[in-house]
Amino acid sequence: MKKFFSVADVDDLSILVKDALALKASPYALRDLGKNKTLGLVFLNPSLRTRLSTQKAAMNLGMDVMVINMDKDGWALETQDGVVMNGTTVEHIREAAAVMGEYCDILGLRSFPSLKDKEADYTEDLFNKFVKFCAVPVVSLESATRHPLQSLTDLITISEHKNVEKPKVVLAWAPHVKALPQAVPNSFSEWMCKAQEQGLVDFTIAHPMGYELSEEFTKGAKISDNLEESLQEADFVYVKNWSSFAEYGEVYPVAQNWMMDNEKLKLTNNAKVMHCLPVRRDLELSSEILDGPNSLVIKEASNRVWAAQVVLKRMLEKLK
Amino acid sequence: MKKFFSVADVDDLSILVKDALALKASPYALRDLGKNKTLGLVFLNPSLRTRLSTQKAAMNLGMDVMVINMDKDGWALETQDGVVMNGTTVEHIREAAAVMGEYCDILGLRSFPSLKDKEADYTEDLFNKFVKFCAVPVVSLESATRHPLQSLTDLITISEHKNVEKPKVVLAWAPHVKALPQAVPNSFSEWMCKAQEQGLVDFTIAHPMGYELSEEFTKGAKISDNLEESLQEADFVYVKNWSSFAEYGEVYPVAQNWMMDNEKLKLTNNAKVMHCLPVRRDLELSSEILDGPNSLVIKEASNRVWAAQVVLKRMLEKLK
Amino acid sequence: MKKFFSVADVDDLSILVKDALALKASPYALRDLGKNKTLGLVFLNPSLRTRLSTQKAAMNLGMDVMVINMDKDGWALETQDGVVMNGTTVEHIREAAAVMGEYCDILGLRSFPSLKDKEADYTEDLFNKFVKFCAVPVVSLESATRHPLQSLTDLITISEHKNVEKPKVVLAWAPHVKALPQAVPNSFSEWMCKAQEQGLVDFTIAHPMGYELSEEFTKGAKISDNLEESLQEADFVYVKNWSSFAEYGEVYPVAQNWMMDNEKLKLTNNAKVMHCLPVRRDLELSSEILDGPNSLVIKEASNRVWAAQVVLKRMLEKLK
């Protein structure tokens, strides 16, 4: 594996999940695999769960880890070619990525979208250039349009907690006070669509009119603007806010109450409730659910380690 | 040891000090004890000595360390239940603490008081909730009302440098330009009061009128507003500024000169002078003392490693 | 080696380069040398390459590393003696350096010049006081007037890529939008002058009138304000901007075009082009050179690891 960016970088989802759960059972069994190998984690945006879980995963494999907070260093990168660099960008991504690739055996990169320029965000220009110029394998720690370590985590968590062969999974839009990227729902959707193809889940997306995701990510999903109907017989409800893709980055007032709560939970098949965190309590998701027996959010966050570890393991095996 | 927050978490002070000094004699002897164990150091406020010494202590025991600067990430935590999170807090302490507990075997937490809301500060709400929700052992790296790793360090330092069985220790208030918390003097006082109970020291507190500490921390101490009298026959003088507890966080003008200097040192039994650092030279404590033979401040700071290491050692032993 | 600050800290340059290249050939051969030793990297200014390469070098030698970003912690140091510390500085360098020396076996320090007070900058007051008070070996990670790890890297890179016994090396001033320190060119110049003394290179400096470096660093160098003439027969061109030393920190308008490009490259002996990075593309150095076969900038950056590693190795050997 030279790149972990989207579900297209994985062949068989079941095998990847099985490998991740084997690492969960024996976290330190491969402590020699990463010996003398260095992981560089590059953040252009803040991170809590992703940084800690990926760092922990790397240490479990015996790797050294260097964290690079470029957001805090004010080290503005130039990404365009043919620009005379007489302004505020201090280094071109060609040099910055290449140099970090010289010091590290694997790199992770986090970079959020602008939410202003749809085309620039959706071409994943920055991530792709980073991959191109750094010359080592790259793990996405969330990019403009995707968060694949989160989605793999979610698939692992669903596999662990399912009671039926092919559970019904609902991605349910929820309210928020800020305009959030589509990266998490895009990514969850493309992973669930592939999981559906491979016979692992039955997948539905519910959101208010105007919050349609890009069709690139939702092929094969049932899509509805009726939350109550969508929740019928659901085994897993994945709660998440996102801003509009069509009117890029916009937030519309939504008349109906889309916050997930116990009342809505009654419509489901006693569904387990998931969220990538951080969650706004009693805005996106009720406290009664978060503090009750149906919530998987902490177990889900915990599984971030095994998602990262299985990806790093595969990359390390290729380096050998 | 599931928690290291106050002197109440320790039974026999002499044994703890003896264990710490054994680690100082052989710092790397237990490098296998922390193998495959991760310490997470969570800072809601800046730290120099505490971070470095605790990180060093953990590495001496073979642990992996992850540092989490939540103050710099602008990751504002919600601590109250029943709040609709539609404001500026991005994550509830219930989730944040639980998730960090999933990635780490032991957590350290630093969180300063507001110095505005005495009740909130003195109930140690944030620290207690963190302990409650994270599910792993927690070391205080200084909380609203206490700094126990500093106080254990101070006891170790006194034990190493005493010339008599039961030295006279004086906590002496000193001037400053800012309103400082009571955490260090509270903590030093509760440790010295317990040390006095166990026959290890004779303890006096000297401060100007209006700077009384909470009685919760000073039971058994001699308390005086006469510095010169208090310094008579002192073997150790512990210099520290703090703001008012009664008029919470206030700073009163003090007419008399409370800065510790060589003139005052003559009143003592050639006392050793201590300070937790950072120290404001020639405001709290004179340069002539700091650069002279009576100062223990660097040796004291150095001992921070062994205080942290003995606490982590006890926690690791419980994890096994 | 107790200090790595200038070329004067090294006797035989050839032997140092040879040792560095031996480490490059076997990076992990000495993983036991740094066992139980801790490197503290103290930054009063930001760093990307220096931090990562030095951290990597230390890990290659089996050291533990602690990074201390004092710039981000707002931990303002007092460097003057005899000052009543009732202002904004929170700790004196006497205590800060001494304490860090207690927690670390070797320290690295980065501190940029003010570019306002020439005398203060050129006496290297801060670096020297840090060395004096910390009591352990100190590596400069760039100080007010020098960047020795960069210069050693450059010498290693020239040694690797030279086609003749004694190549002609030209340090060529280039334009920039900001007023930059003289540290890199000073340092490169003092290393090349010594290399010239030891028969390793032939050294020329080219810069516009008004950009003369301090003579302290350029003894033995040919100096010219004619770029075209200087480039004749050059085997290596080292491109770098700096601000005026005479009119300290000033930037003059320069009429002629001093940007290095392919047209100018034709004047040379098919010279290899070097730059310490970050580089402003098409301002200091043309993209066509940076993306072409004559550029060494990435290989040069990569060699930062071996420069740091050989210096740390020598310091560790002295500690044993």
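Definitions and cut-offs
- Residues numbered from 1 in each chain as written.
- Chains lettered and ligands numbered in written order.
- Predicted model: local features only at pLDDT ≥ 70, side-chain atom pairs only at ≥ 80, totals over all residues.
- Heavy atoms only, no water.
- Contact = heavy atoms within 4.5 Å.
- Buried area = accessible area lost by both parts, 1.4 Å probe.
- Salt bridge = Lys/Arg side-chain N within 4 Å of Asp/Glu carboxyl O.
- Polar contact = N/O pair within 3.5 Å; in protein donor to acceptor, adjacent residues only side chain to side chain.
- Helix = DSSP H or I, 4+ residues; strand = E, 2+ residues; numbered from the N terminus.
- Nonpolar A, V, L, I, M, F, W, Y, C, P; charged D, E, K, R; others polar.
- Domains from an automatic or database assignment.
- 1 Å grid on protein atoms, 1.4 Å probe; cavity = no way out; pocket = protein on both sides within 12 Å on 5 of 7 lines; lining within 4 Å.
- Points joined across faces, edges and corners; volume = space filled by probe spheres on them.
- Phe/Tyr/Trp six-rings, centres within 6.5 Å; stacked < 30°, edge-to-face > 60°.
- Buried < 20%, exposed > 50% of the residue type's maximum accessible area, 1.4 Å probe, protein only.
- Lys NZ or Arg CZ within 6 Å of the ring centre and 35° of its normal.
- Least-squares fit on C-alpha atoms with pLDDT ≥ 70 in both.
- Pairing = 2+ DSSP bridges.
- Axes fitted to C-alpha atoms, helices over the stretch in contact; angles between N-to-C directions.
- Right-handed = clockwise from strand over helix to strand, strands pointing away.

## Description of the interface of chain C and chain A
Item 1. Facing 27 residues of chain C, the contacting portion of chain A comprises 28 residues.
Item 2. By the criterion of area lost to chain A, the three top residues of chain C are Leu48(C), Arg280(C) and Arg281(C), representing 24% of everything that side buries.
Item 3. One can count 4 salt bridges joining chain C with chain A.
Item 4. Note that Asp291(C) and Arg94(A) form a salt bridge whose closest N and O atoms lie 3.6 Å from each other.
Item 5. In this structure, the connection of chain C to chain A is made through 13 residue pairs in polar contact (both at pLDDT 80 or more).
Item 6. Among the secondary structure elements, those contributing two or more residues to the side of chain C that touches chain A are helix 2 (49-60) and helix 12 (297-319) of chain C.
Item 7. A class-by-class count of the residues in the side of chain C that touches chain A yields 13 nonpolar, 4 polar and 10 charged.

## Re the domain arrangement of chain A
One frequent convention defines the size of an interface as the accessible area lost when the parts assemble.
Residue and element names in this part refer to chain A.
Item 1. Once the domains are mapped, chain A shows domain 1 (3-146 + 304-319) and domain 2 (149-301).
Item 2. For domain 1 and domain 2, the distance between their C-alpha centroids amounts to 25 Å.
Item 3. Counting from both sides, the interface comprises 36 residues of domain 1 and, opposite them, 34 residues of domain 2.
Item 4. Roughly 2,900 Å² is buried in total at the junction of domain 1 and domain 2, and carbon and sulfur atoms are behind 64% of that figure.
Item 5. A per-residue breakdown of the area domain 1 buries against domain 2 is headed by Leu 115, Tyr 122 and Arg 304, which together make up 25% of the total.
Item 6. Remark: the boundary between domain 1 and domain 2 carries 3 salt bridges.
Item 7. In this structure, Lys 24 engages Glu 160 in a salt bridge whose closest nitrogen and oxygen atoms are separated by 2.7 Å.
Item 8. Where domain 1 touches domain 2, the interface holds 16 residue pairs in polar contact (both at pLDDT 80 or more).
Item 9. Contributions of two or more residues to the side of domain 1 that touches domain 2 are made by helix 1 (13-25), helix 2 (49-60), helix 4 (118-122), strand 7 (138-140) and helix 11 (297-319).
Item 10. In terms of residue count, the dominant contributor to the side of domain 1 that touches domain 2 is helix 1 (7 residues).

## Focus on empty space enclosed by the protein
Empty space among the atoms can be located by rolling a probe the size of a water molecule over them.
All names here are of chain C.
Item 1. Evaluated as defined, the whole model comprises 1 cavity of 30 Å³ or more.
Item 2. Quantified by volume, the largest cavity comes out at close to 30 Å³.
Item 3. Contributing to the lining of the largest cavity are Trp 173, His 176, Lys 178, Ala 179, Leu 180, Tyr 211, Asn 241, Trp 242, Ser 243 and Val 251.
Item 4. For the lining of the largest cavity, the residue count by class is 6 nonpolar, 3 polar and 1 charged.

## Focus: the packing of aromatic side chains
Item 1. On inspection of all chains with the given rule, the structure shows 30 aromatic pairs over all chains.
Item 2. Relative to Phe127(A), the ring of Phe5(A) lies with its centre 4.9 Å away and its plane at 25°, an arrangement referred to as stacked. Taken as a pair, Phe5(A) in the loop between strand 1 (3-4) and helix 1 and Phe127(A) in helix 5 (residues 125-134) lie far apart in primary sequence, 122 residues in all. Grouping residues by exposure puts Phe5(A) and Phe127(A) together as buried.
Item 3. Look at Trp173(A) and Trp258(A): their rings are 6.1 Å apart centre to centre, the planes differ by 85°, and that puts the pair in the edge-to-face class. Of this pair, Trp173(A) sits in strand 8 (residues 168-173) while Trp258(A) sits in the loop between strand 11 (236-240) and helix 9 (262-265), placing them 85 residues apart in sequence.
Item 4. Trp258(A) gets classed as buried once you look at its relative accessible area, which sits at 2%.
Item 5. Lying across the ring of Phe245(B), Lys118(B) places its NZ or CZ 3.8 Å from the centre.

## Overview of the relation of the copies chain C and chain B
Item 1. When chain C is fitted to chain B, the best match, at an RMSD of 0.0 Å, comes from turning it 120° and sliding it 0.0 Å along the axis. Expressed as an axis order, the relation between the two copies is that of a three-fold axis. For chain C, the smallest separation between a C-alpha atom and the rotation axis is recorded for Lys72(C), amounting to 4.9 Å.
Item 2. Looking at the interface residues of chain C, only 3% of them are also at the interface in chain B, so each copy uses its own face.

## Some points on the sheet that holds strand 12 (residues 272-274) of chain B
Residue and element names in this part refer to chain B.
Item 1. If you trace the 5 strands from one edge of the open sheet to the other, you get 10-9-8-11-12, paired in parallel fashion. Each edge of the sheet is formed by a strand with only one pairing partner; in this case those strands are strand 10 (222-224) and strand 12. Going from strand to strand, the sheet's axes swing by 20° on average, the running direction of each strand aside.
Item 2. Sheet topology note: the strand 11 (residues 236-240)/strand 12 ladder contains 3 bridges and is parallel. Considered in strand 12, the bridge of Phe 236 is made with Lys 272.
Item 3. Across the face of the sheet, helix 7 (residues 183-197) comes into contact with strand 8 (168-173), strand 9 (202-206), strand 10 and strand 11 while running at roughly 150° to strand 9.

## Concerning the pairing of strand 9 (residues 202-206) of chain C
Residue and element names in this part refer to chain C.
Item 1. Within strand 9, 4 of the 5 residues are buried, which leaves it mostly tucked inside the rest of the structure.
Item 2. Examined bridge by bridge, strand 8 (residues 168-173) and strand 9 share 5 bridges and lie parallel to one another. Bridge assignment links Leu 171 to a residue of strand 9, and that residue is Ile 205.
Item 3. Chirality of the crossover, the property in question, places the unit of strand 8, helix 8 (residues 183-197) and strand 9 among those that are right-handed.
Item 4. Sheet analysis places strand 9 next to strand 10 (residues 222-224), joined by 3 bridges and oriented parallel. The partner of Ile 205 across the bridge, within strand 10, is Ile 223.

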